[in-house]
Amino acid sequence: METFAAWKPCSSCKKPIGLNTLYWTCNVSTCNRKRTGLVFCSVECWDAHVPLFNHRESWAIENRSPKVLTDEDNGLSEEREMIMTDGNTEKEVLVVASKLKNYIRNKSGMNTSAAVIDVLSDRIRDLCDHAIETAKQDGRKTVMDRDFG
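What you see is a predicted model, and the numbers here were worked out from it, not measured in a lab.

A.B. asks: How would you sum up the nonpolar core? Please name residues and give values.
C.D. replies: Counting 13 residues, the largest nonpolar core has I17 and F40 as its most contacted members. Elements with a minimum of two residues in this core: β3 (22-26) and α1 (43-53). Take this core: its biggest share by element is three residues, from α1. For F40, the residues in contact, after removing those within four places along its chain, are C10, S11, S12, I17, Y23, W24, T25, C26, C45, W46 and H49.

A.B. asks: Account for the environment of Y23, with residues named and values stated.
C.D. replies: Note on placement: Y23 falls in strand β3. Residue classification places Y23 among the buried residues on the basis of a relative accessible area of 10%. Sequence separation between Y23 and F40 is 17 residues; the distance between their C-alpha atoms is 5.7 Å. Aside from chain neighbours lying at most four places away, what touches Y23 is W7, I17, V39, F40, I61, E62, N63, R64 and S65.

A.B. asks: Hey, could you go over helix α3 (residues 97-108) for me, with residue numbers and the actual values?
C.D. replies: The terminal C-alpha atoms of α3 lie 16 Å apart, and with 12 residues this matches the ideal 16 Å at 1.5 Å per residue to within 8%. Those residues of α3 lying buried are A97, L100 and K101. One side of α3 holds all its buried residues, which, seen down the axis, span an arc of 95°. Facing away from the buried side of α3, by more than 90 degrees, are the exposed residues K99, Y103, N106 and K107. Contacts made by the buried residues of α3 are with α4 (115-137).

Rules and cut-offs
Residues numbered from 1 in each chain as written. Predicted model: local features only at pLDDT ≥ 70, side-chain atom pairs only at ≥ 80, totals over all residues. Heavy atoms only, no water. Core = buried A, V, L, I, M, F, W, Y, C linked by side-chain atoms within 4.5 Å. Buried < 20%, exposed > 50% of the residue type's maximum accessible area, 1.4 Å probe, protein only. Helix = DSSP H or I, 4+ residues; strand = E, 2+ residues; numbered from the N terminus. Contact = heavy atoms within 4.5 Å. Expected span 1.5 Å × (residues − 1). Arc of directions from axis to C-beta.

The structure is reproduced here in structure tokens:
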């Protein structure tokens, strides 16, 4: 099994930024705080965030991601995806971690462990596999809501 470790996801499009890869940051200090830490995979992604943050005068700064992951990098983003490939099969995160965590916090006031994301992604994969088989048995090429029942 081959492992591709993403350094961080792009703050705009969420595509993984690999190790030893060019990325861009915003020159505005509020975008560069440790807690915010916005990083972008392209100038276009940086440009897309400018109107959202209402910057009056800003520019993109070119950087290079680290060559290896450090312990600090490992703890920065609970939502960073580790994509593991085995032939054509991809095992990636299938849920939006921030939305799930917000739902659980709003519903119960509880926090959510990062490990929950992987477990839910596995369960979703299982549900989808079952629905795919049901659609095939019915002779369809479209998975429908009734296939999840």
